[in-house]
Amino acid sequence: MKKTKPKMAFCYDFDGTLSPGNMQEYDFIQKLNMPVQDFWLKAHHLSLEHDCDEVLSYMRLMLEEADARHMPFTREDFRASGAKISFYEGVDTWFDRINAYAAAKGIETEHYIISSGLREIIKGTSIAPFFKWIYASSFMYDESGRALWPAQVINYTTKTQYLFRINKGCLKINDPEINAYTPDENRSVPFSRMVYVGDGDTDIPCMKLVKSEGGHSIAVYEPDKEKQTGTARRLLKDGRVNFI
């Protein structure tokens, strides 16, 4: 009988973790000819006014602002935006390097995104082919590919459900088997063989879950940015992560 290799899952936040800033700022907000800070402030006020999830608020605002300028965005427009995203130094070569290192140790690797950003934008990035699955917020689209309405919303508290999907191997959003009892030995990737990488407070639920179940959580930061450095050090001090 052929012996199967042990499998590891690397799970990543996106904005501020793999790429500086927010993905909407590289192209979409620029095309609105709207100051970045104004867009996010308006989205925040919208969430307060309607007691609404902030991810839903920014997605609604994207549709409203684009419609007001008669520039509806399509699925392909979002993917084109993704091609303009830049990454932190080393990210573009990271996947090949860690895959080769793991293979030399007899380990199979899988990579996943769990993000509150937009799936179609991430799918347009140069690193998209490295991910087995991209969990991110998304829109419904009409026959012409035009964005109509939020279809999937991922925020900091709902992120953890996707770790369980990876754990059980029930990757599709509508897979009903996610609620079925699965013995630990039959699960696709044990939590103890997961690594979660994030950059801030919105990653805490995932960081804590992975760490408490025997996996490893890592907080990344830009060393020349005092706020990010302070956040990473606090996450380590508070026991949220194993490493920074």
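Draft legend 1. Molecular detail of the overall build of the protein. Counting its secondary structure elements, the protein contains nine helices and six strands. For 244 residues, the compact-globule formula gives about 18 Å, and the C-alpha radius of gyration of the protein, at 19 Å, lands near that figure. By its C-alpha atoms, the protein is 60 × 45 × 35 Å across when sized along the principal axes. Here the protein, with 244 residues, has 47% of them falling under the buried criterion. Pairs at least 24 apart in sequence give 59% of the contacts found in the protein among residues at least 6 apart. Entry remark: accessible area of the protein is about 13,000 Å², with carbon and sulfur atoms responsible for 51%. The average position of the 31 basic charges and that of the 34 acidic charges among the side chains of the protein differ by 7 Å.

Draft legend 2. Spatial organisation of the side chain of Asp27. Its place among the elements puts Asp27 in the loop between β1 (7-12) and α1 (28-31). A distance of 2.6 Å separates polar atoms of two side chains, one belonging to Asp27 and the other to Ser81. Contacts of Asp27, omitting those with residues within four sequence positions, involve Ser81 and Lys84.

Draft legend 3. Broad picture of the environment of Cys52. Looking at where Cys52 falls in the secondary structure, it is placed in the loop between α2 (36-49) and α3 (54-68). Once you skip the residues sitting within four places of it in the chain, Cys52 turns out to touch Ser47 and Ser57.

Draft legend 4. Broad picture of the pairing of strand β5 (residues 194-198). With five of five residues buried, β5 is to be regarded as a mostly interior element. Neither face of β5 is left uncovered, since the one carrying Met194, Tyr196 and Gly198 and the one carrying Val195 and Val197 both have all their residues buried. For β5 and strand β6 (residues 216-219), the ladder comprises four bridges, and the chain directions are parallel. Within β6, the residue paired with Tyr196 across the bridge is Ser217. Running through helix α8 (residues 204-212), the crossover from β5 to the neighbouring parallel element β6 is right-handed.

Draft legend 5. How the structure looks around the pattern of salt bridges. Going through the model one piece at a time under the given rule, you end up with 15 salt bridges. For Glu65, the salt bridge goes to Lys42, with nearest N and O atoms at 2.7 Å. Remark: Lys42 occurs in helix α2 and Glu65 occurs in helix α3; sequence separation between them is 23 residues. Classification of Glu65 as buried rests on a relative accessible area of 8%. Salt-bridge contacts for Lys132 lead to Glu110; the nearest nitrogen and oxygen are separated by 3.0 Å. Of this pair, Lys132 sits in the loop between α6 (119-123) and β3 (133-141) while Glu110 sits in strand β2 (residues 108-118), and the two are 22 residues apart along the sequence.

Rules and cut-offs
- Residues numbered from 1 in each chain as written.
- Predicted model: local features only at pLDDT ≥ 70, side-chain atom pairs only at ≥ 80, totals over all residues.
- Heavy atoms only, no water.
- Helix = DSSP H or I, 4+ residues; strand = E, 2+ residues; numbered from the N terminus.
- Rg over C-alpha atoms; globule rule 2.2 N^0.38 Å.
- Buried < 20%, exposed > 50% of the residue type's maximum accessible area, 1.4 Å probe, protein only.
- Contact = heavy atoms within 4.5 Å.
- Areas by Shrake-Rupley, 256 points an atom, 1.4 Å probe, with all protein chains shown as cover.
- Lys, Arg positive; Asp, Glu negative; His and termini not counted.
- Charge placed at Lys NZ, Arg CZ, Asp CG, Glu CD.
- Polar contact = N/O pair within 3.5 Å; in protein donor to acceptor, adjacent residues only side chain to side chain.
- Pairing = 2+ DSSP bridges.
- Right-handed = clockwise from strand over helix to strand, strands pointing away.
- Salt bridge = Lys/Arg side-chain N within 4 Å of Asp/Glu carboxyl O.

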